[in-house]
2 protein chains.
Amino acid sequence: MSRASDQAYDKIRAHLLSGAVKPGEQLTEYQLAQVTGVSRTPVREAVRRLEGEMLLVRSESKRIFVADWSRDDIDEMFTLRKMLEGHAAERAALRLKSDEIDRLEAVNRELHDAVEHDPPDVTRFLDANRTFHEIITEAAHSPRLGQVLAMLVEAPVVLRTARSYSVADLEQSARDHDELIAAFRAGDPDWARAVMGSHLRRAFHTFAGAAE
Amino acid sequence: MSRASDQAYDKIRAHLLSGAVKPGEQLTEYQLAQVTGVSRTPVREAVRRLEGEMLLVRSESKRIFVADWSRDDIDEMFTLRKMLEGHAAERAALRLKSDEIDRLEAVNRELHDAVEHDPPDVTRFLDANRTFHEIITEAAHSPRLGQVLAMLVEAPVVLRTARSYSVADLEQSARDHDELIAAFRAGDPDWARAVMGSHLRRAFHTFAGAAE
DNA sequence: CGGGTATAAATTGTATACAATAGGAAATGC
DNA sequence: GCATTTCCTATTGTATACAATTTATACCCG
């Protein structure tokens, strides 16, 4: 994509995920143009993208607001992710080559490290986690699945500042990934789907706690 | 919705679905601005939306092309729809009130009429079909599911000009809908999901024939 | 001729000015 | 004092000019 609108997208997204702006808060194109240092034109494109990812929403009168997620919203979203990522895991189990699984293992080692750090490095955890899931989605060789998931995956992360991740949750996530890798090595699609399902359901309860 | 960008969206979309432009064909913003009668600015927004719905794609160098769907693409898309609309049907079976089911019946009568017309009125069929599925998605009360499905549902219709719908296919579709309505009346989510699954799989084979 | 390079054309990307619209505040009437 | 209308301001929407980038063409040299 274009340079300025990408820049705007990255900056606005980072801004939202940093927690510097609160859910429900209004944003204006002008304001975002100031912050990102580009004109309103590319800002508009970035905003549209972020709307697509449901990090921003528009009021009836087209004003821009930071998305505000209810517990039901989060439940719904994880239900969809469970379906779609479960499917992705199934396909990945049938397609992943051993060197790709090696890569998953490397990413998950990184993730383990982030968890064992004191205090746990949540940002590094989230980055590694994202990469881990992206590799699986990628391996499913299903471009539309990838596109659809892209708009679902990041959304709840906007809430991350609202909660303190418990070390136990992070550790369990890392262990889920370990088991997922085992399922991939075994080439067992049913196993992979099942692990992915429980992994995401647990994640839901972690996030849901933050939205009460 | 008389905003220029909405106008542009509707016109471009209709243009694509009319079959006036062929899959793989390049379009330019300037050209689309001429056709739609608005400036490039709203055209760009419309194009971005249609990209999101995967009716348009961009080359590596950001040029705009009419999406070209392979048989595998269509398969993948119907697989995703089966998952997501199956889920929607399940939820709808638990939530639909009898007056809403009445409405589904009315829409499906319209659909039957379109099929029995000689020759079958494919446009009316597709409109009624879209409405039918929208009511179900709506009844699922899952906004994100709705958003995700919106980008999947229309896409293969761009291929419709490439095939002649067989009357048998259309009739079977109408009967599938009848059975779906029965499942809703019974309030049986499993039945609803199963019918939706076979309905969409059949639809896949219908469309897949067009993409060979 | 063929290949590579310079040049022109086509296309998308960005900034900015202005238009349209919605929201809020002030003024008015009762 | 409260509701309603009017006007002003804030915000989004559109057109257009220009910049950047990519593709196509023409040209030169071997």
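Residues numbered from 1 in each chain as written. Chains lettered and ligands numbered in written order. Predicted model: local features only at pLDDT ≥ 70, side-chain atom pairs only at ≥ 80, totals over all residues. Heavy atoms only, no water.

Caption draft 1: View of the protein's contact with DNA strand D. Neighbouring DNA strand D are 18 residues, the closest being R44(A), A4(B), S39(B), T41(B) and S61(B). Between DNA strand D and R44(A) there is a distance of 2.4 Å, counted from a phosphate oxygen to a side-chain nitrogen or oxygen. Within the side chain of T41(B), a nitrogen or oxygen atom sits 2.8 Å from a base nitrogen of DNA strand D. Those elements that place two or more of their residues in the surface near DNA strand D are helix 3 (40-52) of chain A together with helix 1 (4-17) and helix 3 (40-52) of chain B. (Near = heavy atom within 4 Å. Polar contact = N/O pair within 3.5 Å; in protein donor to acceptor, adjacent residues only side chain to side chain. Helix = DSSP H or I, 4+ residues; strand = E, 2+ residues; numbered from the N terminus.)

Caption draft 2: Just helix 2 (residues 29-36) of chain A, in detail. All names here are of chain A. Within helix 2 the residues assigned to the buried category are E29, L32, A33 and T36. Within helix 2, the buried residues cover an arc of 105° as seen down the axis, which keeps them to one side. Of the residues one or two after helix 2, G37 is the one with positive phi, at around 80°. (Buried < 20%, exposed > 50% of the residue type's maximum accessible area, 1.4 Å probe, protein only. Arc of directions from axis to C-beta.)

Caption draft 3: The arrangement of the packing of helix 4 (residues 71-95) of chain B against helix 6 (residues 122-139) of chain B in detail. Residues and elements named next belong to chain B. Packing of helix 4 against helix 6 brings their axes to within 7 Å, and their N-to-C directions diverge by 65°. It follows from the interaxial angle that helix 4 and helix 6 lie roughly perpendicular. Between helix 4 and helix 6 lies a crossing whose hand is left-handed. Here R81, E85, A88, A89, A92 and R95 of helix 4 lie close against helix 6, whose contacting residues are H133, I136, T137 and A139. Among the residues making up the contact of helix 4 with helix 6, the classes are represented as five nonpolar, two polar and three charged. (Axes fitted to C-alpha atoms, helices over the stretch in contact; angles between N-to-C directions. Parallel < 35°, antiparallel > 145°, perpendicular 65-115°, else oblique. Left-handed = near helix turned anticlockwise from the far one by under 90°. Contact = heavy atoms within 4.5 Å. Nonpolar A, V, L, I, M, F, W, Y, C, P; charged D, E, K, R; others polar.)

Caption draft 4: Focus on the nonpolar core. Ranked by size, the top nonpolar core spans 134 residues in total, and within it L16(A), F184(A), L16(B) and F184(B) carry the most contacts. Non-local contacts of F184(B), meaning those with residues more than four positions away in its chain, are made with A89(B), A92(B), A93(B), L96(B), I101(B), L104(B), I136(B) and A192(B). (Core = buried A, V, L, I, M, F, W, Y, C linked by side-chain atoms within 4.5 Å.)

Caption draft 5: Structural view of the interface of chain B and chain A. Between chain B and chain A, the contact holds 23 residues from the first and 23 residues from the second. For the chain B and chain A pair, buried surface summed over both sides reaches about 2,200 Å², with 61% attributable to carbon and sulfur atoms. Per-residue buried area on chain B facing chain A is highest for E76(B), M83(B) and R144(B); these three make up 28% of the total on that side. In this structure, the connection of chain B to chain A is made through eight salt bridges. A salt bridge links D73(B) to R144(A); the nearest nitrogen and oxygen atoms lie 2.5 Å apart. Counting across the chain B and chain A interface gives 14 residue pairs in polar contact (both at pLDDT 80 or more). Listed by contribution, the elements that provide at least two residues to the side of chain B that touches chain A are helix 3, helix 4 and helix 7 (143-153) of chain B. If you tally residues by element for the side of chain B that touches chain A, the top one is helix 4 of chain B, at eight residues. Looking at the side of chain B that touches chain A, its residues break down into ten nonpolar, five polar and eight charged. (Buried area = accessible area lost by both parts, 1.4 Å probe. Salt bridge = Lys/Arg side-chain N within 4 Å of Asp/Glu carboxyl O.)

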